[in-house]
Amino acid sequence: MWALVEHCFSPLALQMDGDVVIGGFFPLHYLASELQHSYQSKPLATPCSGFDHRAFRWMMTMAFAVEEINNKSSLLPGVKLGYRILDSCDNVHSSLQALFSLAQTLLTTRDDETPSCLSGSPIPVSYFATCTCLNDKHVYPSFLRTVPSDLFQVGGLVQLVTFLGWQWVGTIGTTDDYSQYGIQEFSSHFGHSGGCVAFHLTIPKSPTAAEIQDMADMLQISTANVVVVFAAEGQLLDLFLELSRRNVTGIQWVASEAWVTAGLLTFPDFHSLLEGTLGFSFPGVNIPGLKEFLLNVHPSPEPGMEFINMFWEEQFGCQLQFDLNPVCTGSEDLSLTSSSYTDVSRVRISYNVYKAVFAIAHALHNLLNCDSAGINEGKPPCCFDCLPCADGEISNQTGSTECIKCPDSYWSDKDKVKCVAGVEEFLSFSETMGIVLVLLTLLGVVLTAIITVIFHRFRTTPIVKANNSEISFLLLLSLKLCFLCSLVFIGQPSVWTCMLRQAAFGISFVICLSCLLVKTVVVLLAFRANIPSSGGLKLFGPTQQRTMIFCTTTPQICLCVGWLLGAPPFPIRNPTYQIVLECKEPWPLGFYLLLSYIGLLAFVCLLLAFLGRKLPDTFNEAKLITFSMLIFWAVWICFIPAYVSSPGKFSVAVEIFAILASSFGLLLCIFVPKCYIILLHPERNIRKGMTGKYR
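What you see is a predicted model; the values in this text were computed from it and never measured.

Student: Can you walk me through the nonpolar core in this structure?
Tutor: For soluble globular proteins, nonpolar side chains are generally found buried alongside one another. Phe 505, Leu 516, Met 629, Phe 632, Trp 636 and Phe 671 are the most contacted members of the largest nonpolar core, which has 67 residues in total. For this core, the elements supplying multiple residues, two or more each, are helix H12 (432–457), helix H13 (462–465), helix H14 (469–485), helix H15 (495–528), helix H17 (542–566), helix H18 (588–611), helix H19 (621–645) and helix H20 (649–680). When residues of this core are assigned to their parent elements, the largest contribution, 15 residues, is made by H20. Those residues in contact with Phe 671, other than ones at most four positions away along the chain, are Ile 451, Phe 455, Ser 472, Leu 475, Leu 476, Leu 479 and Leu 666. Residues Leu 14, Met 60, Val 66 and Val 347 belong to the second largest nonpolar core, which totals 49 residues.

Student: Explain the pairing of strand E5 (residues 81–87) to me, please; I cannot follow it from the model alone.
Tutor: Every regular strand shows the same layout, with side chains that alternate between the two sheet faces. With seven of seven residues buried, E5 is to be regarded as a mostly interior element. Covered by surrounding structure in E5 are Leu 81, Tyr 83, Ile 85 and Asp 87 together with Gly 82, Arg 84 and Leu 86, the residues of both alternating faces. Where strand E1 (residues 13–16) and E5 come together, four bridges link them in antiparallel fashion. The residue of E5 that forms the bridge with Gln 15 is Arg 84.

Student: Got a minute to help me understand the UniProt feature "transmembrane region" (unreviewed entry) in the chain in this structure?
Tutor: As recorded in UniProt, the feature "transmembrane region" (unreviewed entry) lies at residues 433–455, 471–491, 503–527, 548–570, 590–612, 624–644 and 656–680. Overall, residues 471–491 shows 71% helix and 0% strand. The separation of its end C-alpha atoms is 33 Å. A helix fraction of 100% and a strand fraction of 0% characterise residues 624–644, whose end C-alpha atoms lie 31 Å from each other.

Student: What is the right way to read the state of the cysteines from this model?
Tutor: In a disulfide, the sulfur atoms of two cysteines are held together by a covalent bond. In this structure the tally under the stated criterion is six disulfides. Paired through a disulfide, Cys 318 and Cys 328 show a sulfur-sulfur distance of 1.2 Å. In this pair, Cys 318 is assigned in the loop between helix H10 (306–316) and helix H11 (349–376) and Cys 328 in the loop between H10 and H11, connecting sequence segments ten residues apart. Each member of the pair, Cys 318 as well as Cys 328, is classed as buried.

Student: Hey, could you run me through the environment of Gln 315 in this one?
Tutor: Here Gln 315 shows up in helix H10. Classification of Gln 315 as buried rests on a relative accessible area of 15%. Taking the C-alpha atoms as reference points, Gln 315 and Ser 338, separated by 23 residues in sequence, lie 9.3 Å from one another. Beyond its immediate sequence surroundings of up to four residues, Gln 315 is in contact with His 53, Leu 334, Thr 337 and Ser 339.

Student: Which parts of the structure should I look at to understand the confidence of the model for the chain?
Tutor: In low-pLDDT segments, the atomic positions of the prediction should not be examined closely. Looking at the chain, the pLDDT average stands at 83 and 86% of residues meet or exceed 70. For residues 1–8, every residue scores under 50 in pLDDT, and the model assigns this stretch twelve contacts once sequence neighbours within four places are set aside.

Student: Even after reading the chapter, I still don't get the packing of H12 against H20, so can you show me in this structure?
Tutor: Relative placement of two packed helices is described by the angle separating their axes and the distance separating the axes. Interhelical geometry of H12 versus H20 gives an angle of 25 degrees and a closest axis separation of 10 Å. The orientation of H12 with respect to H20, classified from their angle, is roughly parallel. Here H12 and H20 pass one another in a crossing that is left-handed. Where H12 approaches H20, its residues Met 433, Leu 437, Leu 440, Thr 441, Leu 443, Gly 444, Leu 447, Thr 448, Ile 451, Ile 454 and Phe 455 are matched on the opposing element by Phe 650, Ala 653, Ile 656, Leu 660, Phe 664, Leu 667, Phe 671, Lys 674, Cys 675, Ile 678 and Leu 679. Among the residues making up the contact of H12 with H20, the classes are represented as 18 nonpolar, three polar and one charged.

Student: Sorry if this is basic, but what is going on with the pairing of strand E10 (residues 226–229) here?
Tutor: Neither face of E10 is open: one carries Val 226 and Val 228, the other Val 227 and Val 229, and all of them are buried. Two strands pair when backbone bridges link them, and strand E8 (residues 168–174) and E10 are joined in this way by four bridges, in the parallel orientation. The residue of E10 that forms the bridge with Gly 170 is Val 227. Judged from the four bridges that link them, E10 and strand E11 (residues 252–255) form a sheet pairing that is parallel.

Student: In this structure, what is going on with helix H7 (residues 233–245)? I would like to understand it.
Tutor: The periodicity of an α-helix, 3.6 residues per turn, causes residues three or four places apart in sequence to face the same way. For H7, with 13 residues, the first-to-last C-alpha span of 18 Å sits near the 18 Å given by 1.5 Å per residue. At Leu 239, H7 shows its maximal bend, which comes to roughly 30 degrees. Asn 247 sits one or two residues past H7 and shows a positive phi near 60 degrees.

Student: Would you take a moment to explain the packing of aromatic side chains for this structure?
Tutor: Pairs of aromatic rings are described using the distance from one ring centre to the other and the angle between the two planes. A full pass over the atoms with the stated rule returns 31 aromatic pairs. Each ring, one from Phe 240 and one from Phe 270, has its centre 6.2 Å from the other, and the planes form 65 degrees; the classification is edge-to-face. Of this pair, Phe 240 sits in helix H7 while Phe 270 sits in the loop between E11 and helix H8 (271–274), placing them 30 residues apart in sequence. Accessibility assignment for this pair places Phe 240 and Phe 270 in one class, buried. Aromatic pair Phe 509 and Phe 632: ring centres 5.9 Å apart, planes at 50 degrees, arrangement tilted. Taken together, the positions of Phe 509 in helix H15 and Phe 632 in helix H19 put the pair 123 residues apart, joining distant regions of the chain. Among the residues examined, Phe 509 registers a relative accessible area of 0% and is labelled buried. Here a set of aromatic residues connected by ring pairs shows up, and it is made of Phe 505, Phe 509, Phe 591, Tyr 592, Phe 632, Trp 636, Phe 639 and Tyr 643. Over the face of the ring belonging to Phe 458 we find Arg 457, whose NZ or CZ atom lies 5.2 Å from the ring centre. Seen from the ring of Phe 650, Lys 649 lies directly overhead, with NZ or CZ sitting 5.9 Å from the centre.

Student: What should I look at first to understand unusual backbone geometry in this one?
Tutor: A negative phi angle characterises most non-glycine residues, just as the trans form characterises most peptide bonds. Notably, Asn 247 is not glycine yet its phi reads approximately 60 degrees, a positive angle. Along the polypeptide, Asn 247 turns up in the loop between H7 and E11. Positioned with a positive phi, Lys 416 is a non-glycine residue whose angle comes to about 60 degrees. In this structure, Lys 416 sits in the loop between strand E15 (410–412) and strand E16 (419–421). Look at Lys 416 and you get buried, because its relative accessible area is 16%.

Parameters at a glance
- Residues numbered from 1 in each chain as written.
- Predicted model: local features only at pLDDT ≥ 70, side-chain atom pairs only at ≥ 80, totals over all residues.
- Heavy atoms only, no water.
- Core = buried A, V, L, I, M, F, W, Y, C linked by side-chain atoms within 4.5 Å.
- Buried < 20%, exposed > 50% of the residue type's maximum accessible area, 1.4 Å probe, protein only.
- Helix = DSSP H or I, 4+ residues; strand = E, 2+ residues; numbered from the N terminus.
- Contact = heavy atoms within 4.5 Å.
- Pairing = 2+ DSSP bridges.
- UniProt positions renumbered as here; feature names shortened; annotations may be inferred.
- Disulfide = S-S within 2.5 Å.
- pLDDT = per-residue confidence, 0-100.
- Axes fitted to C-alpha atoms, helices over the stretch in contact; angles between N-to-C directions.
- Parallel < 35°, antiparallel > 145°, perpendicular 65-115°, else oblique.
- Left-handed = near helix turned anticlockwise from the far one by under 90°.
- Nonpolar A, V, L, I, M, F, W, Y, C, P; charged D, E, K, R; others polar.
- Expected span 1.5 Å × (residues − 1).
- Bend = angle between axes of the 7 residues up to and from the residue.
- Phe/Tyr/Trp six-rings, centres within 6.5 Å; stacked < 30°, edge-to-face > 60°.
- Lys NZ or Arg CZ within 6 Å of the ring centre and 35° of its normal.

Structural data, given as structure tokens:
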């Protein structure tokens, strides 16, 4: 597309070569003809008319700013800035033609030595675009400007109109976004302030005489004497000429910043029409050296000077004929003229142009220094990228270096640009994960109950009576409590569930391990003694076994009671990960002491069971206890890193899974082999089978 544009169009340009070239677009002409394309031949460039002296001053201000930067040793040292300035004709088609021409020029002039920071897409910096539509960074992420948005101007105009008591006004605009968005914002704010819009007129791009006359008729017959206008001066010329011809007076004009300081207001023909016009303008400043630069401009037959030659002919009302006897000498004195070009006492838009060029220069300076530093250190160039804010933080300003933390009970949205009401999160009974865990818990309880019934039914048989059946039933009860305690972890945390969950878990498992420890000791004493009825086993009878269970369980009970009385866990809203409802443990050491004591009992039990692994193998309970303890240890060793690294409700799910897995391991390893013999091989459920003598 760009190659086609290059061959079809050769837009005039004011240019100067440089290491880095800045493109510029200015509405040097404010009238562009509507061309009818036949699509049978190459389209021609859109002819423009209506030379704007003020826009030419903006154009030359850009050239002045570039020259001033090149003369500064502190800004972009060793780098020469250039420019390529084109005429947009205040028209979309002409602007696109100029843009494609500029893009093609930049692509063809770029070489391998171009710094990597400058190799991306061009970034627009506007000096005059105030449209509120450009505020949307999702649509225009790289758009920058040195001029405030119309939101501020609209607010000021509404306050001005309402302060003066004008509640019945008309509006005039054009078909471009600047006008449409400006009128829309004004009408909305004005309506909220109690005002009413009597009418709205839209000036077409190329209005016909009939359309202009219709608009003039509306202005004459309307009862609204105040008219707010969002448009550029060139777009208003035809309408103002018609109103002036009709000698219309008595209209109070309220002007947008695009034309409130334009030279149009100074035309003698418009004095009676436009006198008393009100509006807001940008602050006027004095740029040192600008006037001297502007007055030092002279025409030339050299390529690239066409815009200056046009200005010269417009300014002095003559024709430059460099190859013939000149009508204009080219040496006329600009200081003797008076126009919007030479009036630089308080420039406004020109200052925005000046700031835009210097903003680009400073950005280039930082980028090039950064690029050089990266090359010198052997690192990639540090062109800047935006990093997303952390969860729970937002940043709604482009270029911001800090993130803002969302208030309590709020969370950042997916784009991290606004805070939204947080959704409270906890492991509930209704979600899939909760349902699965509840079903596993109920399965464990049912299996434990079934085994308990079997053991009670066959309580008089040797396999149940062996090794103290009372301890077996206590072990089954503790396993049932281990399964049931996992239910306390599911659901919305409350004061009672937070206090009960860890205590119930800790005490249940200690009772379970104490029973296993007693059973292991009994097995060792029974099979290690030379005579089964020796004094060693008698010294460790049922009373001593109960005492041992009580003594090993009491420390855990004391720890849990002290923990709950001194620093009990309580429910909180944790904003670190979404808005998680969880139990806060003010004394984390209590949980780790609880786990450590369980681990100590499991280790002693595993050690003793391992010592009895070579006992007679017809029914060796020590081997089953050893295997169950290995499963227990494997589960809880994996639990600790998984628990610490899991966020929010998943840490609760990890703990429940560890409880259930270890409980199932103990239940299946200890009791399923016994049930297998009781139900399927009753012939082995005799005393000889218990001592390994049955064959």
